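Given next are the chains, with one letter for each unit.
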Amino acid sequence: AEADLDSDLTHLVLHVPHAQHPVALRCIEGVSCPTATWPTVSYSEESSLQCQATLTIVGGQYLTFVFDNTRVREYFEMCLKVLIIATGRETDEARDSGDTDADKSPKV
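**Topic: the sheet that holds strand 4 (residues 28-32)**
Reasoning step 1: Taken together, 3 strands build an open sheet; the order of strands is 4-5-6 and the sheet is antiparallel. Each end of this open sheet is capped by a strand with a single partner; those strands are strand 4 and strand 6 (61-66). Within the sheet, the average angular offset between the axes of one strand and its neighbour, ignoring direction, is 20°.
Reasoning step 2: Its contacts with the sheet put helix 2 (residues 70-86) on strand 4, strand 5 (52-57) and strand 6, and the angle it makes with strand 4 is roughly 155°.

Next up, the structure:
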């Protein structure tokens, strides 16, 4: 499967065999990636987890992406967070930072 942005930069479009599934960027509540505290069973599982990013979508849905390596995952994560902020929606991390002043930009 592949994903790209629509021409208006408002939707992440997932391309799977015989279908396309748009996900509105404004509906993405957050981007989660593995942390050092996540339990792992083996080295190979830990490596696999580090290459994943999970999107939390409004309505309790989740979408997990698996990348070739952590560098690609980190790049995807940062780009998606910037796009989400640009659409006017803060990521979970920005809300958790405690900045509520309307004059401040959300932190990524």
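**Examining the pairing of strand 5**
On a regular strand, one side chain projects to one face of the sheet and the next to the other, so that they alternate.
Reasoning step 1: Across the 6 residues of strand 5, 5 count as buried, placing the element largely inside the fold.
Reasoning step 2: Inspection of the sheet shows strand 4 paired to strand 5 by 4 bridges, in the antiparallel sense. Note that in strand 5 the partner of Val31 across the bridge is Leu55.
Reasoning step 3: Across 6 bridges, the pairing between strand 5 and strand 6 is antiparallel. The residue bridging Thr56 from the neighbouring strand is Tyr62, located in strand 6.

What counts, and at which threshold
Residues numbered from 1 in each chain as written. Predicted model: local features only at pLDDT ≥ 70, side-chain atom pairs only at ≥ 80, totals over all residues. Heavy atoms only, no water. Pairing = 2+ DSSP bridges. Helix = DSSP H or I, 4+ residues; strand = E, 2+ residues; numbered from the N terminus. Axes fitted to C-alpha atoms, helices over the stretch in contact; angles between N-to-C directions. Contact = heavy atoms within 4.5 Å. Buried < 20%, exposed > 50% of the residue type's maximum accessible area, 1.4 Å probe, protein only.

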